[in-house]
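Listed below, chain by chain, are the residues.
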Amino acid sequence: MVYDLIVIGGGPAGYLAAERAGQGGMNTLLFEKRSLGGVCLNEGCIPSKALLYSAKIADNARDGAKYGVDASGVALNHPAVIKRKNKVVRNLVAGVKAKMKKNKVTVVEDTAFITGRSPEGYQVKAGDTVYTGRRLLIASGSVPIIPSIPGAKEGLERGFVITNREILDLEQVPEKLVIVGGGVIGLEMASYYNSAGSQVTVIEMLDHIAGATDLEISQILQKNYEKKGIRFMLSSRVTKIEENAVVYEAGGQTHRVEADKVLMSVGRRPATEGLGLENIGVELDRGAIRVDERCQTNVPGVYAAGDVNGVSMLAHTAYRESEVAVNNMLGRKDIMRYNAIASVIYTNPEVAGVGETEQSAAEKGIDFEVAKLPMMYSGRYMAENEGGDGICKVLIDKQQRKLIGVHMIGNYSSEIIYGAALMIEMELRVDDVKELVFPHPTVSEIIRETIFEI
Ligand code: FAD
């Protein structure tokens, strides 16, 4: 049998592509070598959020006195948190399986390897069987980067150094947790384990945390976490992993911090090895599959969506890219745009942003104007955040008076930011936003308030 589409990888890019292809009438085969749902459902977005929600409940209860709630003796029961997280993951993975069935997608739980091309289509081998597909979608995702620091490999082997996979499944809360890398994954795990009682140290090479996040917001986040007891070692380079410590250099000096576990979270790289891409001539660009705006590779009929193309390693980007790829396969015109993809850090407080930051706009030479307000200007935020120091920042293009960026720190930001993404995607002007009516009292009103500062 020749399939209309073979999908390699059952993460957000792969399973959504298979679902959409099935809905579009394509006879689709999906390979997954570990677990349907990919990194996102099994060891990424969802399990981390399940853990963080438990931590948020505990944090709020501990803070109860500020709100007239007496909740003494609050404790986070880590094994119970992990158990609940596992239940959430199981249910969601079962949901993906059901969707595959509903859309008549054939799922093969095995490792796929592209062997070449025949007149009928692309050939993919799993076990002893060779499958043929007229089109291919590579959605193999990404893997954690393990830097070549002395002792890192050995540390991994003995379970002292761990990645996102293991940290979401630890049976015990480590007394001393060192996190190498202060990006989104590192910060979310720092947030959970800080609430769970670990003494957390984050070592970051840059002079700020949270990567490309608005600098002022990253500093507010850092201050919030320093108050909770997390230590940040910035402009610091890890040079060695020892038996029970991490050695790093900062300001020309060598330092050593003891650890029970070390989370390596310095970034992820596209998973392109061992797929057989070379057998059909798929081009890579610095380790990522090169794609055009339709998510098609240099090989006709071969597409790549999600982390594997390295453009924006987020699950919601993966979803949209997979839809763009499938729409093009079905002959529907569709292209991928990246200017309004929101990013969120689900710490407590949450951070969310979309579009240009002051830093990126300046680098691009955009003539922009910024308006900023404390979140306390929102009645709902004030009612729910005793002593909160959140802010909302809006950037506009000065010439076109168009919204180009919105950045926030404060709870509910993760749920509000899609509205800002929509405004940027729709190219709304300042005057358009001023005419929008936001529900009151909601924290989202802060966007409207901030716009009126312009
Ligand atoms: P993946 O989810 O990586 O799925 C790829 C799948 O392909 C895997 O299941 C793999 O087993 C399979 N595969 C690979 N090779 C083969 C093969 N040869 N044969 C068969 N199967 C194969 N993103 C967000 O947007 N929001 C978040 O809150 C968020 N939190 C995160 C938290 C953590 C701790 C981590 C690690 C990541 C997080 N991400 C988050 C990123 C998000 O998980 C990824 O962007 C998303 O999973 C990418 O989807 P994907 O389909 O491209 O790849």
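Residues numbered from 1 in each chain as written. Predicted model: local features only at pLDDT ≥ 70, side-chain atom pairs only at ≥ 80, totals over all residues. Heavy atoms only, no water.

> Is there a simple way to think about the overall build of the protein in this case?
When you go through the protein residue by residue, the secondary structure sums to 14 helices and 24 strands. Here the C-alpha atoms of the protein give a radius of gyration of 23 Å, agreeing with the 22 Å that 2.2 N^0.38 yields for 454 residues. With respect to the principal axes defined by its C-alpha atoms, the protein has extents near 70 × 60 × 45 Å. The burial tally for the protein puts 52% of its 454 residues in the buried class. For the protein, the exposed area adds up to about 20,900 Å²; of that, 49% sits on carbon and sulfur atoms. (Helix = DSSP H or I, 4+ residues; strand = E, 2+ residues; numbered from the N terminus. Rg over C-alpha atoms; globule rule 2.2 N^0.38 Å. Buried < 20%, exposed > 50% of the residue type's maximum accessible area, 1.4 Å probe, protein only. Areas by Shrake-Rupley, 256 points an atom, 1.4 Å probe, with all protein chains shown as cover.)

> I tried to follow the pattern of salt bridges on my own but got confused; where do I start?
When the charged atoms of two side chains with opposite charge come close together, those side chains can pair. Under the definition given, this model contains 28 salt bridges. The partner of Glu216 in a salt bridge is Lys393, and the shortest N-O contact between them spans 2.8 Å. With Glu216 in helix H8 (residues 215–227) and Lys393 in strand E23 (residues 391–397), this pair connects stretches of sequence that are 177 residues apart. Glu216 sits in the partly exposed class, given a relative accessible area of 25%. Take Lys393: its relative accessible area is 2%, and that puts it in the buried class. For Arg286, the salt bridge goes to Asp285, with nearest N and O atoms at 3.5 Å. Look at Arg286 and you get exposed, because its relative accessible area is 79%. Taking the relative accessible area as the measure of exposure, Asp285 reaches 31% and is therefore partly exposed. (Salt bridge = Lys/Arg side-chain N within 4 Å of Asp/Glu carboxyl O.)

> Would you explain the packing of aromatic side chains in this entry?
Where two aromatic rings form a pair, the distance of their centres and the angle of their planes describe that pair. On inspection of all chains with the given rule, the structure shows three aromatic pairs. With centroids separated by 5.2 Å and ring planes inclined at 80°, the aromatic side chains of Phe31 and Tyr131 adopt a geometry described as edge-to-face. With Phe31 in strand E2 (residues 28–31) and Tyr131 in strand E6 (residues 129–138), the pair connects residues that are 100 residues apart, well separated along the chain. Neither residue differs from the other here; Phe31 and Tyr131 are each classed as buried. Summarising the aromatic geometry, the rings of Tyr192 and Tyr193 are spaced 4.9 Å apart at their centres and angled 90° between planes, so their arrangement reads as edge-to-face. Between Lys434 and the ring centre of Phe452, over which it is positioned, the NZ or CZ distance is 5.1 Å. (Phe/Tyr/Trp six-rings, centres within 6.5 Å; stacked < 30°, edge-to-face > 60°. Lys NZ or Arg CZ within 6 Å of the ring centre and 35° of its normal.)

> What exactly am I supposed to notice about the site of the ligand here?
The environment of the ligand is made up of 37 residues, and the closest members are Glu32, Lys49, Ala112, Asp307 and Ala315. Between the ligand and Lys49 there is a distance of 2.7 Å, counted from an oxygen atom to a side-chain nitrogen or oxygen. Separating a nitrogen atom of the ligand from a backbone N or O atom of Ala112 is a distance of 2.9 Å. The set of elements that each furnish at least two residues to the shell around the ligand consists of helix H1 (12–23), helix H2 (38–43), helix H3 (45–62) and helix H9 (315–329). The element best represented in the shell around the ligand is H2, accounting for four residues. Within the shell around the ligand, the residues separate by chemical class into 16 nonpolar, 13 polar and eight charged. (Near = heavy atom within 4 Å. Polar contact = N/O pair within 3.5 Å; in protein donor to acceptor, adjacent residues only side chain to side chain. Nonpolar A, V, L, I, M, F, W, Y, C, P; charged D, E, K, R; others polar.)

> Honestly, the environment of Asn385 in this entry has me stumped. Any pointers?
In this structure, Asn385 sits in the loop between helix H11 (379–384) and E23. It is 42 Å that separates the C-alpha atoms of Asn385 and Asp334, two residues lying 51 residues apart in sequence. The residues touching Asn385, leaving out its near neighbours within four places in the chain, are Tyr67, Met376 and Asn411. (Contact = heavy atoms within 4.5 Å.)

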